[in-house]
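Listed below are the residues making up each chain.
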Amino acid sequence: MGGEMTRVVQDADMKTLWVRHPSGQYPIYIGRGLRHEVGARLAGKPYTRSAFIVTDEHVAPLYSEDLVHSLSTARFTAHLVVVPAGEEHKNLNTVQDLYNAFLDRGIDRSTPVLALGGGVVGDITGYAAATVLRGVPFIQVPTTLLAMVDASVGGKTGVDMPQGKNLVGAFKFPDMVIVDTETLQTLPREEVACGMAEVIKHGLIADPGLLEMVSAPEEVRDWPSLVARAVQVKIDIVEQDPFEQGRRAVLNLGHTFAHALERVANYKLRHGFAVGLGLIAAARLAVLLGDAREELVDTVIDALRTAHLPLCWSALDAPESPPIPSHVWEAMWTDKKRRGKALRFIVPCEPGRVIVRSDVPKSLVLQALEVILC
Ligand SMILES: NC(=O)c1ccc[n+]([C@@H]2O[C@H](COP(=O)([O-])OP(=O)(O)OC[C@H]3O[C@@H](n4cnc5c(N)ncnc54)[C@H](O)[C@@H]3O)[C@@H](O)[C@H]2O)c1
Ligand SMILES: [Zn+2]
């Protein structure tokens, strides 16, 4: 049985999606139990026989042993590097710790670095992998729904600065993304809900069928299919705009609102919850602009409700009472993604179709905010 584990087991349910980018393409493997095959998938690559696994202190006790075992079976020496969990550690200090761990343990330019964890681990590890020795092979093994459908795809990596989030970073395309949907079983419910906000966003942007999948009863939920479908929306968009010069803006649906809400809440608000509220406000705005029918707001609210996402500020367990709409409006103007003089909104016209508008009157934005700030 010795060599058995080094083979890639053919899982009939496994899905492989490809992401094309300017310097090549990479596969995203999605299925149940794929963490046990990571070593086998790396074995055929032109890598050195040592590998780094970067993970955080929550994910390490759950899945790092499986990954180390899988790599060892494929004759890799696995070096485990555990960083503290949480956005507050997504900074250059943690990157420095990674550089030290890599260099002290003899990394070279063909040593693969794996990110095992959520978007925080993926972003920091990707940035470290992009920069150490001017770039080493990088593999994403996302374990949160948000990382599976969003953060692990598209090549953006980076860290936060005291001046703001994600201000230092690099584009670094992974060699592959390995999504084991079994890891979602241990993900706290609220984190699953937050990932669902991005799934619903993707449905609204380009795939109405996704909204139906979100509404399916949880007992029968087919995670590999749902993740594959949600990530395909992001793939299609980043392939058209690999370096975020245009079309990628549509991925910001709900995010002009969400970022402003997060800012007025001093970031004590979960991003996914803010995105959920942002999607409601965006749908409301679309109706006020005459770009969507009233039912769109109900469609968005129904999807968020089935995903156990809050539907208004008071359902957030937010410490403070709702801000007034004009404060949120002001917070929109400090967004780093703002270009030129006008605020840009992604407006959902119907499930699967959005437009970009830069001519939205303040009065309508304030009105749209009212529905969620109660
Ligand atoms: N690079 C991109 O394109 C991109 C896109 C979207 C978001 N992001 C970034 O992603 C980050 C958010 O990612 P996130 O929501 O995954 O947060 P996260 O990485 O902080 O993970 C959330 C929590 O879940 C824990 N966890 C992870 N997997 C688990 C599992 N399977 N079981 C139990 N616990 C688990 C983590 O330890 C953490 O405490 C932000 O920093 C954001 O900026 C990046
Ligand atoms: Zn988001």
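Note that the coordinates shown come from a computational prediction; the quantities given were computed from them, not determined experimentally.

Right, let's get into the coordination of the zinc ion (ligand 2). Think of it this way: four donors in a tetrahedron around the metal ideally sit 109.5 degrees apart, and six in an octahedron ideally sit 90 or 180 degrees apart. Bound to the zinc ion (ligand 2) on the protein side are Glu 198 (OE), His 255 (NE2) and His 271 (NE2), at distances that span 2.1 to 2.2 Å. Written as a sequence motif, the donor residues of the zinc ion (ligand 2) are E-x56-H-x15-H. Here the residue His 255 occupies a position in helix H9 (residues 255-264), and His 271 occupies one in helix H10 (residues 271-288), the gap between them amounting to 16 residues. On the basis of relative accessible area, His 271 is assigned to the partly exposed category, the value being 24%.

All right, on to the side chain of His 202 then. Of note, His 202 is situated in helix H6 (residues 189-206). Looking at His 202, its side chain comes within polar contact range of the main-chain oxygen of Ala 230, at 2.8 Å. When near neighbours in sequence (up to four residues on either side) are disregarded, His 202 contacts Val 149, Asp 207, Leu 210, Ala 230, Val 233, Lys 234 and Leu 251.

Before going further, it helps to examine the pattern of salt bridges. Two side chains bearing opposite charge may form a pair once their charged atoms approach each other closely. What the rule picks out here adds up to 24 salt bridges. Between Lys 234 and Asp 150 there is a salt bridge, with its nearest N and O atoms 2.8 Å apart. With Lys 234 in helix H8 (residues 223-240) and Asp 150 in helix H5 (residues 145-151), this residue pair connects regions lying 84 residues apart in the sequence. Just as Lys 234 is buried, Asp 150 falls in that class too. Here Asp 302 makes a salt bridge to Arg 305, at a shortest N to O gap of 3.3 Å. Of the two residues, Asp 302 and Arg 305 are both situated in helix H11 (residues 295-306); the distance of three residues between them amounts to about one turn of the helix. The exposure class assigned to Asp 302 is partly exposed, which follows from its relative accessible area of 42%. Judged by relative accessible area, which is 47%, Arg 305 ranks as partly exposed. Among the charged side chains, a network of salt bridges with common partners joins Glu 87, Lys 90, Asp 123, Asp 160 and Lys 165.

On to the side chain of Asp 160, then. Inspection of the secondary structure puts Asp 160 in strand E7 (residues 156-161). A polar contact of 2.9 Å, which involves the side chain of Asp 160, links it to the backbone nitrogen of Asn 166. If we skip the residues at most four places from it in the chain, Asp 160 touches Glu 87, Lys 90, Asn 91, Lys 165 and Asn 166.

Moving on, we get to helix H4 (residues 119-131). The terminal C-alpha atoms of H4, which comprises 13 residues, lie 18 Å apart, in line with the 18 Å expected from a rise of 1.5 Å per residue. Counting buried positions over the 13 residues of H4 gives 12, a clear majority of the element. When we look at burial in H4, the residues that qualify are Gly 119, Val 120, Val 121, Gly 122, Asp 123, Ile 124, Thr 125, Gly 126, Tyr 127, Ala 128, Ala 129 and Ala 130. Positive backbone phi, at 50°, marks Leu 133, one or two positions downstream of H4.

The next subject is the packing of aromatic side chains. This structure, assessed with the given rule, holds five aromatic pairs. With centroids separated by 5.1 Å and ring planes inclined at 85°, the aromatic side chains of Phe 171 and Phe 243 adopt a geometry described as edge-to-face. Taken together, the positions of Phe 171 in strand E8 (residues 164-171) and Phe 243 in the loop between H8 and H9 put the pair 72 residues apart, joining distant regions of the chain. Geometrically, the ring pair formed by Phe 257 and Phe 345 is tilted, given 5.4 Å between the ring centres and 50° between the ring planes. With a gap of 88 residues between them, Phe 257 in helix H9 and Phe 345 in strand E10 (residues 345-350) connect regions that are remote in the sequence. Of the two residues, Phe 257 and Phe 345, both sit in the buried class. Put simply, the rings of Phe 171, Phe 173 and Phe 243 touch in pairs and so form one group of aromatic residues. The positively charged end of Arg 41 is found above the aromatic ring belonging to Tyr 29, 4.1 Å away from the centroid.

This part is about the domain arrangement of the chain. Per the domain assignment, the segments making up the chain are domain 1 (4-186) and domain 2 (189-370). Inter-centroid distance (C-alpha atoms) of domain 1 to domain 2 is 27 Å. Each partner contributes to the interface: domain 1 provides 26 residues, whereas domain 2 provides 27 residues. Counting across the interface, domain 1 meets domain 2 through four salt bridges. Joining domain 1 to domain 2, the criterion identifies six residue pairs in polar contact (both at pLDDT 80 or more). Elements supplying a minimum of two residues to the side of domain 1 that touches domain 2: strand E1 (15-21), strand E2 (24-31), H5 and E8. Of the residues contributing to the side of domain 1 that touches domain 2, the split by class is 16 nonpolar, four polar and six charged.

Thresholds, definitions, all that
Residues numbered from 1 in each chain as written. Chains lettered and ligands numbered in written order. Predicted model: local features only at pLDDT ≥ 70, side-chain atom pairs only at ≥ 80, totals over all residues. Heavy atoms only, no water. Donors = N, O, S within 2.8 Å, 3.2 Å for Na, K, Ca; no water. Helix = DSSP H or I, 4+ residues; strand = E, 2+ residues; numbered from the N terminus. Buried < 20%, exposed > 50% of the residue type's maximum accessible area, 1.4 Å probe, protein only. Polar contact = N/O pair within 3.5 Å; in protein donor to acceptor, adjacent residues only side chain to side chain. Contact = heavy atoms within 4.5 Å. Salt bridge = Lys/Arg side-chain N within 4 Å of Asp/Glu carboxyl O. Expected span 1.5 Å × (residues − 1). Phe/Tyr/Trp six-rings, centres within 6.5 Å; stacked < 30°, edge-to-face > 60°. Lys NZ or Arg CZ within 6 Å of the ring centre and 35° of its normal. Domains from an automatic or database assignment. Nonpolar A, V, L, I, M, F, W, Y, C, P; charged D, E, K, R; others polar.

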